[in-house]
Amino acid sequence: MVLATNLGFPRIGIDRELKKATESYWKGMGTRDDLLNTARELRLRHWKMQKEAGLNHIPSNDFSFYDHVLDMSCLLGCVPSRYKWDGKAIDLDLYFAMARGNDKVTAMEMTKWFDTNYHYIVPEFEPDQTFRLSGTKIFDEFEEAKKEGVMTRPVLVGPISYLLLGRKKAGADYCRCTLVPGLAAVYGEILKGLRDRGAEWVQIDEPFLALDLEDRYKDAYKTAYKLIRATAPDIKIMLTTYFEALGDNLDLASGLPVQGIHLDLRRAPGQLEPALKKFPADKILSLGLVDGRNIWKNNLSVSLDLAEKAVAALGKDRVFVAPSCSLLHSPIDLTQETVLDAGVKSWMAFARQKLDEIAVLAKGLGEGRSAISAALEESDKVAEDRRTSARIHNQGVKKRVQSVSPDMLRRKNPFSTRRKQQHEALGLPAYPTTSIGSFPQTEEIRKARAAFKKGSLDEAAYEKAMKKEIEHVVRWQEKADMDVLVHGEAERNDMVEYFGEQLSGFAFTKNGWVQSYGSRCVKPPVIFGDVSRPAPMTVKWSAYAQSLTAKPMKGMLTGPITILCWSFVRDDQSREETCRQIALAIRDEVQDLEKAGIGVIQIDEPAIREGLPLRRRDWGPYLKWAVDCFKLGTTGVEDRTQIHTHMCYSQFNDIIDSVGALDADVISIETSRSQMMLLDAFVKYKYPNEIGPGVWDIHSPRIPSAGEMTDLLEKAAAVIDPAQIWVNPDCGLKTRGWKEVEAALNNMVAAAKLMRAKKQSAAA
Ligand code: GLN
Ligand code: ZN
C-alpha cells in the first residue's frame, strides 16, 4: 500500500480564529482559557479533517501559538538570559514575551523562513548555552490526538537545522557544532518520550539538507543522528527536506540512521532520478508531489508519471505520497471563496483540497490509475483548460515579451549624461530632500477606502476625499521646504494589491490568508494569466499632485520583482516570464507618467534580495533576469527623467553588483539603524549614481534630532561624494503618525540645510 501523508497543516483557522483569540488575549480581553480552547478546537478540527480525507500519517505538534521554531526553543530550554527564566514550565506569557517583547524586555529577533513569507523567531545561543528537555507540548498534543482516535506523526525542527537557524550572541565564540552532543541528547529524550507514548513515526524537518552545507555541518548531521539513535533506537524517523533538491547532500542524507527521506518534487522534480539510483534499501521515500507553496490544482497525471517511477523502483510499501512541504504556506479552504471568478477557482486548490489530492494520488499509485479515473479525467480537463484558456493566454502579451530588444533594457545615455540633464531640469540644491512615498495612513483615509470598496461611498466622493488628502500632503511638504515631493499614497491599500487590482491576469481571494508571523496573516494576490495593463494606474493621482505645486512631484510605483515575489504565481510558466510581463506593464506606466509631466519616478523593489534562490549557484541567473526586468520597466524614458528606486533591507554585500546594474539614477536605502555601516557595500563598489542613505529609522517611534541626522550625513559624506547624496527617511511613513512625521521631516530638512551651508562655507 502507498500511504497518504501530510507534513503540516495551517494553524490559524479558516476564520483566523487563532489570530483573533491570540490578539484578544494580548489585549487582555480574552482569557487564557479562551485562547487554549480555541487552540484545542483548531487542532481537533484539523486532525479530523485530515483523517476524513483519508490521510494515513497526520502530523501533530505542527500547531503553534506563534511559531514552531520558538516552540522548539522552548522544548529545548533555549531561553535567552534576559527573560530571567526560572527553569520551570514556560508559560504563555513568557512565550509571548520571547516572541514579541513587552514593556520590560525586548523580543527575540525574527526573520524569514527560507524563501517563504513566513517568519520565524531566531534561536539565540548564549556563550555557555546548554539544552534540557523543558516542555511537554509535543507530548501533550500527541496524547490529545490519540485520545481522539488519531495516531499522529509528531513534527520537530531537526537538530542541525535548528542550530543553523539560530545565532550566537556576542561573546559566544564557539562553532555551533560544539552544541551538537548536548542538543542531540535532548532530541534523543524527546523521541524516546514519544515512543513511550506510542508514536510509531516522527517527522524531523531538516530543510538545511537541501542547501549549501559546510563540511563541518555535514559532519554535525552524522554525529547528531547517531547520538539520537543511541537514546531512541526504535522510533521511525521521516527526515524531510524541502524548498530545494538534496543535490550534493544526497549521500549524506541517505547515510543517516533514519527510516524515511522526504523530497520536494515540486521545486526539484529532477532529483527523483538520482535519488532512485542509489536509494538505500532500508528506507522509505516520501514524495513531495502536491505543492505546499502555491494554490494550483495538482496535475495528477504528471505527478503519477513521476511517482510511478518510484513505485517501480522501490515497491508500493516503500513509497509515501506527501505535499512538497508543510501546508502551512497555503490558504486553508477554497470552498470558502464565494466571490472568486468560477473559472479561476476551478484551477485552484487550498490546503483542504490538497489533502484530497494526496489521498487520491496514493490511491492511484496503490491500486492503479483506473482506481482514480474520474479524478484523473477531471485533472486532465483542468490542465487542458489552463493550457488553452483565453483568460490566461494573451497572444499580444506573449509576442510583446518575445520582441523585447536589447535597447529596451538600457537608458538612451549613460548616467553621466543623464545626470546633467536631470540637474538642469530639476534645479535641485545639494543634499536634496525627499521621502519614500507614503504619508500616514490615517483612520479617515482607511475609512474612506473601505467605504468606497463596500459601495457606500461613490467614486466622486472618494476621489474628492483622496484629493483633499493629497493636497494636504503636498502643502505640508512645501511648507517644510522639501525638494522632491510625493503625493502620499493615500489611495493605496497595499503596495502590491493596489497594482494587481488594476492589472489583467490577477485575481484576489476573500479568505486566502497565509500566516506571515505570529498572528499576522497576508492574502497574496493570485497571478493566473498573462499580465497586461488595460489603463494607467497611478497617472491621475500623480498628475493631480503635480498640478498643485511648482516643485517636482515624484511618481510612485511598485517594481515587477516585488509584485512577483509577493504574489502566488503561475506554475505553468517560469517566474522570469511572468516577471517580464509585469515589467512591460510597469514600463507603460512609467512612460505615461513621463508624458503627464512627471519628471521623477520611483520604482520600489524591496523584494529583490528575498527573491534570491536558496542555492548560491542559482543566484547568477536569477539576478540577471531580475535586473533585466527592472530595466525593462524603467528605461523607456528620456534622459532628463530621473528614475529612483528604493530598497528597505540591510544586506547589500551579496548583491551590490546587481544593485549597481539596475542603473537607477537615485537609490534610497535603509542605513540609519546601523549608523551608515551599510553604506560600506556602496563605498567598496564605488557606486556611481546618486544615493539616499536613510537618516531616520521609521520603524522606531523615536524622532531623531537635526543634529543626529547631520551626524549621519557627515558620516556618509566622509565616504561618498557629497554631490551623490540625497536626504530621506529609510522607508515609507504610512505606519507613523502625523505628529512624528512632521517633527522628524522638519528636523531632516534642517539637517540637509546645515550640510548645504557647511558645503558652501568650505567652498568659499
Ligand atoms: N513607496 C512605499 C511607501 O512609501 C515603499 C514601501 C516599502 O518600501 N516597503 O510606503
Ligand atoms: Zn522601504
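Before reading on, note that the structure itself is shown above.
Parameters and conventions
- The residue numbers shown here count from 1 along each chain, following its written sequence.
- The naming scheme follows written order: chains are lettered A onward, ligands numbered 1 onward.
- It should be noted that, the model being predicted, local features are given only for residues of pLDDT at least 70 and side-chain atom pairs only at 80 or more, the latter also being counted only at that level, while totals for whole chains, interfaces and linings use all residues.
- Note that water and hydrogens are dropped before the side-chain values are worked out from all heavy atoms of the structure.
- Note on method: axes are straight lines fitted to C-alpha atoms, helices fitted across the in-contact stretch only, with angles between N-to-C directions ranging 0 to 180 degrees.
- By definition, any uninterrupted DSSP run of H or I lasting at least four residues is a helix, any uninterrupted run of E lasting at least two residues is a strand, and each is numbered from the N terminus.
- Angular relationships are summarised with four words: roughly parallel below 35 degrees, roughly antiparallel beyond 145, roughly perpendicular across 65 to 115, and oblique for the angles in between.
- In a left-handed crossing the near helix is turned counterclockwise from the far helix by less than a right angle, and in a right-handed crossing that turn is clockwise.
- Here, residues are in contact when the closest pair of their heavy atoms is within 4.5 Å.
- For this classification, the nonpolar set comprises Ala, Val, Leu, Ile, Met, Phe, Trp, Tyr, Cys and Pro, the charged set comprises Asp, Glu, Lys and Arg, and every other residue, Gly included, is treated as polar.
- When two rings of Phe, Tyr or Trp (its six-membered ring) have centres within 6.5 Å they constitute a pair, described as stacked for plane angles under 30 degrees, edge-to-face for angles over 60, and tilted for the intermediate range.
- For every residue, the accessible area (1.4 Å probe, protein chains only) is compared with the maximum for its type, and the residue is labelled buried under 20%, exposed over 50%, or partly exposed between those bounds.
- Metal donors were taken as nitrogen, oxygen and sulfur atoms no farther than 2.8 Å from the ion, or 3.2 Å where the ion is Na, K or Ca. Water is excluded, so coordination may look unfinished.
- In this scheme the shape depends on donor count and angles: four donors with every angle between 85 and 135 degrees give tetrahedral, four or six donors with opposite pairs above 155 degrees and others between 65 and 115 give square planar or octahedral in turn, and any other case is irregular.
- As used here, the term nonpolar core means buried Ala, Val, Leu, Ile, Met, Phe, Trp, Tyr and Cys residues forming a set that is joined through side-chain atoms within 4.5 Å.
- Here a polar contact is taken to be a pair of N or O atoms separated by no more than 3.5 Å, where protein atoms must pair a possible hydrogen donor with a possible acceptor and residues adjacent in sequence count only if both atoms sit in side chains.
- Distances are taken per atom, and a residue is near a molecule or strand as soon as one of its heavy atoms is within 4 Å of it.
- Each accessible area value is a Shrake-Rupley result obtained with a 1.4 Å probe; residue values ignore everything except the protein chains displayed when judging cover.

Chemist: I'd love a proper account of the packing of helix 17 (residues 443-454) against helix 18 (residues 459-479), names of residues and values included.
Modeler: For the pair helix 17 and helix 18, interaxial distance at closest approach is 10 Å and the crossing angle is 160°. Compared by their axis directions, helix 17 and helix 18 come out roughly antiparallel. Regarding helix 17 and helix 18, the two cross each other, and that crossing is left-handed. When helix 17 is examined against helix 18, the residues Glu-444, Ile-445, Ala-448, Arg-449 and Phe-452 are found in contact with a partner set consisting of Glu-459, Tyr-462, Ala-465, Met-466, Lys-468 and Glu-469. Looking at the contact of helix 17 with helix 18, its residues break down into six nonpolar, no polar and five charged.

Chemist: Quick one: what's the story with the packing of aromatic side chains, residue by residue and with numbers?
Modeler: How two aromatic rings sit relative to each other is given by the distance of their centres and the angle of their planes. For the coordinates displayed, the defined rule picks out 23 aromatic pairs. Ring centres of Tyr-95 and Phe-96 lie 5.5 Å apart, and the angle between their planes is 65°; on these two criteria the pair is classed as edge-to-face. Look at Tyr-95 and you get buried, because its relative accessible area is 7%. When the centroid spacing of 5.3 Å and the interplanar angle of 90° are considered together, the rings of Tyr-498 and Phe-499 count as edge-to-face. This pair shows no difference in class: Tyr-498 is buried, exactly as Phe-499 is. In textbook terms, an aromatic cluster arises when at least three aromatic residues are bridged by ring pairs, as seen for Trp-113, Phe-114, Tyr-118, Tyr-120, Phe-208, Tyr-242 and Phe-243.

Chemist: How would you sum up the coordination of the zinc ion (ligand 2)? Please name residues and give values.
Modeler: Four donors placed tetrahedrally around a metal ideally meet at 109.5 degrees, and six donors placed octahedrally ideally meet at 90 or 180 degrees. At 2.0 to 2.4 Å from the zinc ion (ligand 2) lie its protein donor atoms, namely His-646 (NE2), Cys-648 (SG) and Cys-731 (SG). One can describe the site at the zinc ion (ligand 2) as tetrahedral: its four donor atoms subtend angles covering 88 to 128° at the metal. Read in sequence order, the donor residues coordinating the zinc ion (ligand 2) give the pattern H-x1-C-x82-C. In this pair, Cys-648 sits in the loop between strand 19 (642-647) and helix 24 (656-661) while Cys-731 sits in the loop between helix 26 (706-719) and helix 27 (738-763), placing the two residues 83 residues apart along the sequence.

Chemist: Lay out the nonpolar core with the relevant residues and their values.
Modeler: The biggest cluster of nonpolar side chains holds 132 residues, and the ones touching the most others in it are Tyr-162 and Ile-190. Take this core: its biggest share by element is eight residues, from helix 7 (residues 180-196). With residues near it in sequence (within four places) discarded, Ile-190 still touches Met-72, Leu-75, Leu-76, Leu-133, Ile-138, Phe-139 and Leu-156.

Chemist: Hey, could you go over the side chain of Thr-5 for me, with residue numbers and the actual values?
Modeler: For Thr-5, the position within the fold is in the loop between strand 1 (3-4) and helix 1 (17-26). Given the relative accessible area of 0%, Thr-5 is considered buried. From its side chain, Thr-5 meets the backbone oxygen of Val-321 in a polar contact 2.8 Å long. The residues touching Thr-5, leaving out its near neighbours within four places in the chain, are Leu-55, His-57, Arg-153, Ser-286, Phe-320, Val-321, Ala-322, Pro-323 and Ile-358.

Chemist: Could you give an account of the site of ligand 1, with specific residues and numbers?
Modeler: By nearness alone, every residue bordering ligand 1 is listed as Ile-436, Gly-437, Ser-438, Glu-489, Met-495, Met-556, Asp-604, His-646, Cys-648, Cys-731, Gly-732 and Lys-734. Between ligand 1 and Glu-489 there is a distance of 3.0 Å, counted from a nitrogen atom to a side-chain nitrogen or oxygen. Notes on ligand 1: free accessible area 290 Å², of which the protein chains cover 93%. When the residues that make up the shell around ligand 1 are grouped by side-chain class, the tally is five nonpolar, four polar and three charged.

These results come straight from atomic positions and should not be treated as a statement about function.
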